[in-house]
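# Architecture and fold: a report
Now for the letters of each chain:
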Amino acid sequence: MAPHARLDHRNPLVFDTHELGRRPGALQRLTREISAPRDLGIQGVIGVPEGNPVELELRLESVMEGVLVTGTARATAEGECVRCLEPLELELEADFQEMFSYPDADDRGRVKAEPADDAEEDEDRLFLEDGLFDLEPVLRDAVVLALPMQPVCQEDCPGLCSQCGARLADDPDHHHDAVDIRWAALQGLAGSLEDGEKDEMSGAEAGVDEKQEK
Ligand SMILES: [Zn+2]
Ligand SMILES: [Zn+2]
């Protein structure tokens, strides 16, 4: 999307600041419930399903250079546990704060063509367009930051059995007899190795002792 593509006031993530006015210090609080746009979250990990309600609480403050927007988004995110792959839900609360600057505009509020040499400097800045601003990029960044990169169904989720893939949280006593037999064999082997090492060690120790005695 071009930086100054026209905003549509019917878009639920577009907000109008005309009521706020341009007098610095003016405040406006508002709430709005929207339907989650597509891909709101961390793709393939966890996110708010498209169409799910997102509760927005905004505080608009008129400042010299534009409108400072502070707010919170609340929604239910869905994903799956990275350890046991069980579906999980998470109550998401994402805070954000963003400045929407007044663009260099003519007296009718229309945006002038952006000078090429300013493009780099303005890359990360967001602008009001005809008194409107688009919260979507701000909401997206805030939601990604508020979500866990490695969601788990519970802090101590033991994950899946490496032998059969069973979910260990459902069955803490889960075990495999065949593996136990192999373990027993390995433990027996380990035991005899340890004995061997101990014998060598005591020999070595004896040697040291002998040297020290000299
Ligand atoms: Zn889990
Ligand atoms: Zn198993």
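Residues numbered from 1 in each chain as written. Chains lettered and ligands numbered in written order. Predicted model: local features only at pLDDT ≥ 70, side-chain atom pairs only at ≥ 80, totals over all residues. Heavy atoms only, no water.

## Some details on the pattern of salt bridges
Just so we agree on the cut-off: Any carboxyl oxygen of Asp or Glu that lies within 4 Å of a side-chain nitrogen of Lys or Arg is treated as forming a salt bridge with it. Working definition: helices are DSSP H or I runs of at least four residues, strands are E runs of at least two. Numbering for both runs from the N terminus. Per-residue accessibility, obtained with a 1.4 Å probe over protein chains only, is compared with the maximum for each type, and a residue is labelled buried under 20%, exposed over 50%, and partly exposed between these values.
Per the counting criterion, the structure on display carries 8 salt bridges. The salt bridge involving Asp130 is made with Arg6; its shortest N-O contact spans 2.4 Å. A residue pair is termed long-range when its members are at least 10 positions apart, and Asp130 in the loop between strand 8 (126-127) and strand 9 (132-134) and Arg6 in the segment before strand 1 (14-16) qualify at 124 residues. Owing to a relative accessible area of 30%, Asp130 belongs among the partly exposed residues under this scheme. Between Glu136 and Arg140 there is a salt bridge, and its shortest N-O distance comes to 3.0 Å. On the criterion of helical spacing, the pair formed by Glu136 and Arg140 is a turn pair, its members being 4 residues apart in helix 1 (residues 136-146). Given the relative accessible area of 22%, Glu136 is considered partly exposed. Taking the relative accessible area as the measure of exposure, Arg140 reaches 24% and is therefore partly exposed. It is possible to trace a salt-bridge network through shared partners that takes in Glu57, Arg74 and Glu93.

## Considering the coordination of the zinc ion (ligand 1)
Stated precisely, the cut-off is as follows: The donor definition counts N, O and S atoms within 2.8 Å of each metal and applies 3.2 Å to Na, K and Ca; water is not among these atoms, so some sites may look incomplete. Irregular is the default label, applied whenever a site is not tetrahedral (four donors, all angles between 85 and 135 degrees) and neither square planar nor octahedral (four or six donors, opposite donors over 155 degrees apart, all other angles between 65 and 115).
Protein coordination at the zinc ion (ligand 1) comes from Cys81 (SG), Cys84 (SG), Cys153 (SG) and Cys157 (SG), with a distance range of 2.3 Å. One way to put it: the 4 donor atoms around the zinc ion (ligand 1) meet at angles of 105 to 115°, and that makes the site tetrahedral.

## Details of helix 1
Going by this rule: The arc in question is formed by the directions pointing from the helix axis toward the C-beta atoms. Contact between two residues is taken to exist if any of their heavy atoms lie within 4.5 Å; hydrogens are not considered.
Listing the buried residues of helix 1 in full gives Val138, Leu139, Ala142 and Val143. Looking straight down helix 1, one finds that the buried residues subtend no more than 125° of arc, so they occupy a single side. Away from its buried face by more than 90 degrees, helix 1 exposes Asp141 and Leu145. Elements in contact with the buried residues of helix 1: strand 2 (27-35), strand 3 (40-42), strand 5 (53-63), strand 6 (66-80), strand 7 (87-101) and strand 8.

## Thoughts on the coordination of the zinc ion (ligand 2)
Coordination of the zinc ion (ligand 2) by the protein comes from Cys161 (SG), Cys164 (SG), His174 (NE2) and His176 (NE2), over a distance range of 1.9 to 2.2 Å. If you look at the zinc ion (ligand 2), its 4 donor atoms make angles of 103 to 117° with each other, and the shape they trace is tetrahedral. Linear spacing of the donor residues for the zinc ion (ligand 2) on their chain is C-x2-C-x9-H-x1-H. Pair noted here: Cys164 is in the loop between helix 1 and helix 2 (177-213) and His174 is in the loop between helix 1 and helix 2, with a separation of 10 residues, a long-range link.

## Notes on the confidence of the model for the protein chain
Heads up, the rule is: Every residue carries a pLDDT, the predictor's confidence in it, which falls somewhere between 0 and 100.
Per-residue confidence for the protein chain averages 83 on the pLDDT scale, and 71% of its residues sit at or above 70. Considering each helix and strand of the protein chain separately, the mean pLDDT is smallest for helix 2, with a value of 57, and largest for strand 4 (residues 46-48), with 98. Considering only residues more than four positions removed or in separate chains, one finds that residues 105-110, a stretch of pLDDT under 50, has 6 contacts. In the predicted structure, residues 201-214 sits below a pLDDT of 50 and forms 0 contacts with residues beyond four places in sequence or in another chain.

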